[in-house]
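Commentary on secondary and tertiary structure
Okay, here's what each chain looks like letter by letter:
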Amino acid sequence: MITLVRCDDRLIHGQCVTTIIPKNGIKRVVAIDEYTATTPMMKKVFLAAAPKGVRVHVATMEEAVPMLERSLADDVPTLVLMRFPELYEQVLEKVPNMPKEYNIANAPPADGRVQIASACYLSQEQIASVKRMADAGVHIYFNLIPSQPTTEWDSIKSKY
C-alpha cells in the first residue's frame, strides 16, 4: 500500500527519518531518482540512511514501475520519494492507479524558480506539471514537515 507520495529534493534525510517515516508507519521506501540509482556511492549512502526495519529501494523510473505496482497490491506501508514534481506526472502515466495525493516538500531556490511555499521553489516547467496533475484530479499540497502549516495548491494556483 502506498501511504505517501512525496517530492523532496533531499530524498531520505533527517526530517524524513525522524518525522515522516514514523508518523506514517512507513516500512518501505521507493526513491525514484536516476542519478542516485545509477551512482553506486550515492545509492549506498541513501540505502544506509533509512531507519532500522525500513526497506529502501533507490530506483530509476524504469526500475520503479514494477516496484510501485507491487506496492499498490500489498499491505506494506510505502513512502514514494522523488526529487522533482514532474516525475510524479511521469509515474502517473506509467502507473495510473497511484494515489491522487501529492506532497511537495523541499525544492531549493535556483535560477528561474519562484517561491511557491515555504522551502519550495519551482520552475515554470514544474509549475506547468503541477497544474496538469491538479487538473487531472491530483490533490497537491506543499508541506515540509507535518508540524508546519500546509499550503494547498488550490489556494494559490491563481497566482501561477
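Let us look at the structure shown here. (Residues numbered from 1 in each chain as written. Predicted model: local features only at pLDDT ≥ 70, side-chain atom pairs only at ≥ 80, totals over all residues. Heavy atoms only, no water.)

Quick look at the overall build of the chain
The secondary structure content of the chain amounts to seven helices and nine strands. A globule of 160 residues ought to have a C-alpha radius of gyration of about 15 Å, and the chain, at 15 Å, matches this closely. With the C-alpha coordinates aligned to their principal axes, the bounding extent of the chain is approximately 40 × 30 × 30 Å. Expressed as a percentage of its 160 residues, the buried residues of the chain come to 47%. Taking the contacts inside the chain whose residues are at least 6 apart along the sequence as the reference set, 67% of them involve residues at least 24 apart. Across the chain, the centroid of the 18 positively charged side chains sits 6 Å from that of the 18 negatively charged ones. (Helix = DSSP H or I, 4+ residues; strand = E, 2+ residues; numbered from the N terminus. Rg over C-alpha atoms; globule rule 2.2 N^0.38 Å. Buried < 20%, exposed > 50% of the residue type's maximum accessible area, 1.4 Å probe, protein only. Contact = heavy atoms within 4.5 Å. Lys, Arg positive; Asp, Glu negative; His and termini not counted. Charge placed at Lys NZ, Arg CZ, Asp CG, Glu CD.)

Remarks on the packing of aromatic side chains
Enumeration according to the criterion identifies three aromatic pairs in this entry. Aromatic side chains phenylalanine 142 and tryptophan 153 sit 6.3 Å apart centroid to centroid with 50 degrees between the ring planes, which places their arrangement in the tilted category. With phenylalanine 142 in strand S8 (residues 139–142) and tryptophan 153 in helix H7 (residues 153–156), this residue pair connects regions lying 11 residues apart in the sequence. Considered together, phenylalanine 142 and tryptophan 153 belong to a single accessibility category, that of buried residues. (Phe/Tyr/Trp six-rings, centres within 6.5 Å; stacked < 30°, edge-to-face > 60°.)

Let's talk about the pattern of salt bridges
If you walk through the whole model with that rule in mind, you get six salt bridges. In this structure, aspartate 8 engages arginine 6 in a salt bridge whose closest nitrogen and oxygen atoms are separated by 3.2 Å. Accessibility classification places aspartate 8 together with arginine 6 in one group, the buried group. Aspartate 8 is paired through a salt bridge with arginine 10; the nearest N and O atoms lie 3.0 Å apart. Under the relative-accessibility criterion, aspartate 8 is labelled buried at 0%. In this structure arginine 10 comes out as partly exposed when scored by relative accessible area, which is 28%. One continuous salt-bridge network, built from bridges that share partners, spans Arg6, Asp8 and Arg10. (Salt bridge = Lys/Arg side-chain N within 4 Å of Asp/Glu carboxyl O.)

Details of the environment of leucine 81
Looking at the element boundaries, leucine 81 is found in strand S4 (residues 78–82). In this structure, the C-alpha to C-alpha distance between leucine 81 and aspartate 33, residues 48 residues apart in sequence, is 8.4 Å. Contacts of leucine 81, omitting those with residues within four sequence positions, involve Arg6, Leu11, Ile12, Cys16, Val29, Val30, Ala31 and Ile32.

Some words on the pairing of strand S5 (residues 101–104)
Note: strand S1 (residues 2–7) against S5, two bridges, orientation parallel. The residue of S5 that forms the bridge with cysteine 7 is isoleucine 104. In terms of strand pairing, S5 meets S8 through four bridges, oriented parallel. What sits directly across from asparagine 103, in S8, is tyrosine 141. (Pairing = 2+ DSSP bridges.)

Digging into the state of the cysteines
According to the stated counting rule, one finds zero disulfides in the structure shown. You can see cysteine 7 has no disulfide; the closest cysteine sulfur is in cysteine 120, sitting 6.9 Å from it. A relative accessible area of 0% means that cysteine 120 is categorised as buried. (Disulfide = S-S within 2.5 Å.)

Observations concerning the pairing of S1
With respect to burial, S1 is a largely interior element, five of its six residues being buried. The sheet contact formed by S1 and S4 spans five bridges and is parallel. Its bridge partner lying in S4, valine 5 is registered against valine 80.

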